[in-house]
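Here are the chains, one letter per residue:
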Amino acid sequence: MNGEPLRLVGAHEIRDMLGVSRQRAYQLAGRPDFPKPIAKLAQGKIWNLGDIEAWISTYRAGRRPRRQATKAE
């Protein structure tokens, strides 16, 4: 290891990072391209934060931008 502390996240933190529902976070975690958890605890799976941040960056880069609502004049 490089001496840096391991930064871990669970499903709740991933949900907050993505701004999605609990159900959607679990759907995304089931995707084949989603990082594998580094451990499974009694309270759920945990992931390396760096892996999740990299995945989010790639995931969002591949998505079409949302259309912005325009103000009716």
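Residues numbered from 1 in each chain as written. Predicted model: local features only at pLDDT ≥ 70, side-chain atom pairs only at ≥ 80, totals over all residues. Heavy atoms only, no water.

Student: Any details on empty space enclosed by the protein? Residues and values, ideally.
Tutor: Tallied over the full model, the rule gives one cavity of 30 Å³ or more. Counted as a void, the largest cavity has a volume near 30 Å³. Contributing to the lining of the largest cavity are Ala11, Ile14, Ala25, Tyr26, Ala29, Phe34 and Trp47. Those elements giving two or more residues to the lining of the largest cavity turn out to be helix H1 (11-18) and helix H2 (22-29). (1 Å grid on protein atoms, 1.4 Å probe; cavity = no way out; pocket = protein on both sides within 12 Å on 5 of 7 lines; lining within 4 Å. Points joined across faces, edges and corners; volume = space filled by probe spheres on them. Helix = DSSP H or I, 4+ residues; strand = E, 2+ residues; numbered from the N terminus.)

Student: Before we move on, could you go through the sheet that holds strand S3 (residues 44-48) and cite the residues and values that matter?
Tutor: Note on sheets: strands pair through backbone hydrogen bonds, and any given pair is parallel or antiparallel. Taken in spatial order, the three strands line up as S1-S3-S2 in an open sheet, and their pairing is antiparallel. Either end of the sheet is taken by a strand with one partner, and the two such strands are strand S1 (8-10) and strand S2 (39-41). When strand polarity is set aside, the average angle formed by the axes of neighbouring strands in this sheet is 35 degrees. Pairing geometry for S1 and S3, over three bridges, is antiparallel. Bridging from a neighbouring strand, Val9 pairs with Trp47 of S3. Across the sheet, H1 is in contact with S1 and S3; its angle to S1 comes to roughly 85 degrees. (Pairing = 2+ DSSP bridges. Axes fitted to C-alpha atoms, helices over the stretch in contact; angles between N-to-C directions. Contact = heavy atoms within 4.5 Å.)

Student: Pulling in residues and values, what's your account of the layout of surface pockets?
Tutor: By volume, the largest pocket is sized at about 300 Å³. Contributions of two or more residues to the lining of the largest pocket are made by H1, H2 and S3. In terms of residue count, S3 provides more of the lining of the largest pocket than any other element does, four residues in total. Counted by class, the lining of the largest pocket contains nine nonpolar, five polar and four charged residues. (Nonpolar A, V, L, I, M, F, W, Y, C, P; charged D, E, K, R; others polar.)

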